[in-house]
Amino acid sequence: MEVKLNKATPEQLKTTPASMSGVVFGTQFSDHMFCMEWEDGKGWHNAEIKPYGPLLMEPSAMVLHYAQMAFEGLKVYRTDSGENVLFRPRENFKRMNRTAQRMCLPEIDVEEVLDALKQLLRLDSAWVPHESGTTLYIRPTIVATEEAIGLKVSSKYLFFIILSPVGPYYSQGFNPVKIMVSDKYVRAVPGGVGYAKTGGNYAASILAEKEAKELGYTQVLWLDAVERRYIEEVGAMNIFFVIDDEIVTPQLTGSILPGITRMSVLELGKHWGLNVSARRISIDEVLTGLKEGSVTEVFGAGTAAVISPVGVLSYKEEEYQVGNGETGPIANRFFEQLTGIQYGKEEDPFDWVESF
Ligand code: PLP
Ligand code: COI
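Q: Could you clarify how one ought to interpret the pairing of strand β12 (residues 238-243) in this entry?
A: Taken residue by residue, a regular strand's side chains alternate between the two faces of the sheet. The buried fraction of β12 is high, at six of six residues. Side chains Asn238, Phe240 and Val242 project from β12 onto one buried face, and the interleaved Ile239, Phe241 and Ile243 project onto a second face that is buried too. Where β12 and strand β15 (residues 295-302) come together, six bridges link them in antiparallel fashion. Note that in β15 the partner of Val242 across the bridge is Glu297. Looking at chain direction, β12 and strand β13 (residues 246-250) are connected through three bridges and run antiparallel.

Right, dumping it as structure tokens:
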């Protein structure tokens, strides 16, 4: 794929943040973006790296009405030796194609898009922050752009990648968060789009997240939509429990996102010889275990959230403290190892990181 390069003029170049402390996640964007278009009969074309800026789109563009879209989230890490690396980037673009299939979007060529991303990253490499725990967050997105408000498959699409320097996703950093289990709303149903990374899933979660925040919780833990009994995932991360000697996460049933961090935690745990599993976990099992002490740790896993210990779970207005409310040793071990591999401090036995 030939990528046209339209560099920002010196006047268009922005200054990179001097420090990431106090910068709210996902509010700053780099100098350039990658765009390409798709049209029936033409396929993907007009691949271009150009200055970051507004998109030209008619108000009738289909994505603005029916949310036919897909997005991804991955990061660039600056290692101690000054190299910039990606973490399992092909997994993100493969997942984007699985979302594309569900949302009737045209698929992308994983290698071509990865190559275009690397060109963009080389151009905007000064935007990869250096401070500990910071990264350049990458947001690839496909949206339906045909100008039509009938409900159908769009005949035109735009794919773009934008870059955002970020610090921790939660203001707490790597400190335990408080999570509210939702028994009022559900996020995704069997046969629905829960496994797809598409805007509608997140739009449907905002009210519950807003109500949880008003009550002092960071995010919502979703239960299954049928029985409202089995644990699914948190708003922006998958969830793990340490129950006796088992490290367990909900199995993939089609209504949760198959997280790349989740997969990496499972693979790391297996590699260490720990008892890791993916199975159905009921809310009763967790709450009883928290009361009786068999559930010793709860933590989330996601690209933005990294490994996020959970200190308190709330269900039906009752709060359950996890252990002593502090980060547990297992969450800590996964955090240290995963970020160690990502920032080049630890060996990478799985070849997960990729420089460019
Ligand atoms: N679940 C949801 C709903 C998410 O938004 C995310 C974040 O991407 C995850 C789980 C974790 O997925 P990953 O580890 O691939 O970032
Ligand atoms: C990510 O972790 O990459 C996500 O996409 C979550 C998003 C809500 C920031």
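There is more to say after this.
Q: Where do I start with the site of ligand 2 in this structure?
A: Near ligand 2 you find Phe71, Gly73, Tyr137, Arg139, Tyr169, Lys197, Ala236, Thr303 and Ala304, and these make up its full shell. One of the side-chain nitrogen or oxygen atoms of Arg139 is found 3.5 Å away from an oxygen atom of ligand 2. Relative to its unbound accessible area of 280 Å², ligand 2 is 87% covered by the protein chains. The pocket occupied by ligand 2, as judged from atoms lying within 2 Å of grid points, is the largest pocket. A breakdown of the residues in the shell around ligand 2 according to their chemical character gives five nonpolar, two polar and two charged.

Q: Quick question: what am I supposed to make of the domain arrangement of the chain here?
A: Think of interface size as the accessible area that goes away when the parts come together; that is how it is often given. With domains assigned, the chain is organised as domain 1 (4-166) and domain 2 (177-345). Placing the centre of domain 1 and that of domain 2 at their C-alpha centroids yields a distance of 27 Å. Carbon and sulfur atoms supply 58% of the area buried between domain 1 and domain 2, which totals about 2,100 Å² over both sides. Area buried by domain 1 at its contact with domain 2 is led by Phe87, Arg95 and Arg102, which between them contribute 28% of it. Two residues, Lys345 and Asp80, come together in a salt bridge whose shortest N-O distance is 3.1 Å. At the boundary of domain 1 with domain 2, the tally comes to 13 residue pairs in polar contact (both at pLDDT 80 or more). Secondary structure elements with two or more residues in the side of domain 1 that touches domain 2: β4 (69-71), β5 (74-78), β6 (84-87), α2 (89-102) and β7 (135-144). Examining the composition of the side of domain 1 that touches domain 2, we find that six residues originate from one element, α2, more than from any other. In the side of domain 1 that touches domain 2, the residues fall into eleven nonpolar, seven polar and nine charged.

Q: Just to check I follow, could you spell out a nonpolar patch on the surface for this structure?
A: On the surface, Tyr66, Ile149 and Leu151 cluster together into a nonpolar patch covering about 350 Å² of accessible area. A residue is classified by how much of its surface remains accessible, and Leu151, at 71% relative accessible area, is exposed.

Q: Whenever I open this one, α2 confuses me. Can you help?
A: One turn of the α-helix equals 3.6 residues, which is why residues spaced by three or four share an orientation. Its 14 residues give α2 an end-to-end C-alpha distance of 21 Å, which sits within 8% of 20 Å, the value for a rise of 1.5 Å per residue. Where α2 is concerned, the buried positions are Pro89, Asn92, Phe93, Arg95, Met96, Asn97, Thr99 and Ala100. Downstream of α2 by one or two residues, Cys104 has phi in the positive range, about 60°.

Conventions used here
- Residues numbered from 1 in each chain as written.
- Chains lettered and ligands numbered in written order.
- Predicted model: local features only at pLDDT ≥ 70, side-chain atom pairs only at ≥ 80, totals over all residues.
- Heavy atoms only, no water.
- Buried < 20%, exposed > 50% of the residue type's maximum accessible area, 1.4 Å probe, protein only.
- Helix = DSSP H or I, 4+ residues; strand = E, 2+ residues; numbered from the N terminus.
- Pairing = 2+ DSSP bridges.
- Near = heavy atom within 4 Å.
- Polar contact = N/O pair within 3.5 Å; in protein donor to acceptor, adjacent residues only side chain to side chain.
- Areas by Shrake-Rupley, 256 points an atom, 1.4 Å probe, with all protein chains shown as cover.
- 1 Å grid on protein atoms, 1.4 Å probe; cavity = no way out; pocket = protein on both sides within 12 Å on 5 of 7 lines; lining within 4 Å.
- Sits in = over half its atoms within 2 Å of the grid points.
- Nonpolar A, V, L, I, M, F, W, Y, C, P; charged D, E, K, R; others polar.
- Domains from an automatic or database assignment.
- Buried area = accessible area lost by both parts, 1.4 Å probe.
- Salt bridge = Lys/Arg side-chain N within 4 Å of Asp/Glu carboxyl O.
- Patch = residues over 30% accessible without salt bridge, like charges linked within 9 Å, V, L, I, M, F, W, Y side chains within 5 Å.
- Expected span 1.5 Å × (residues − 1).

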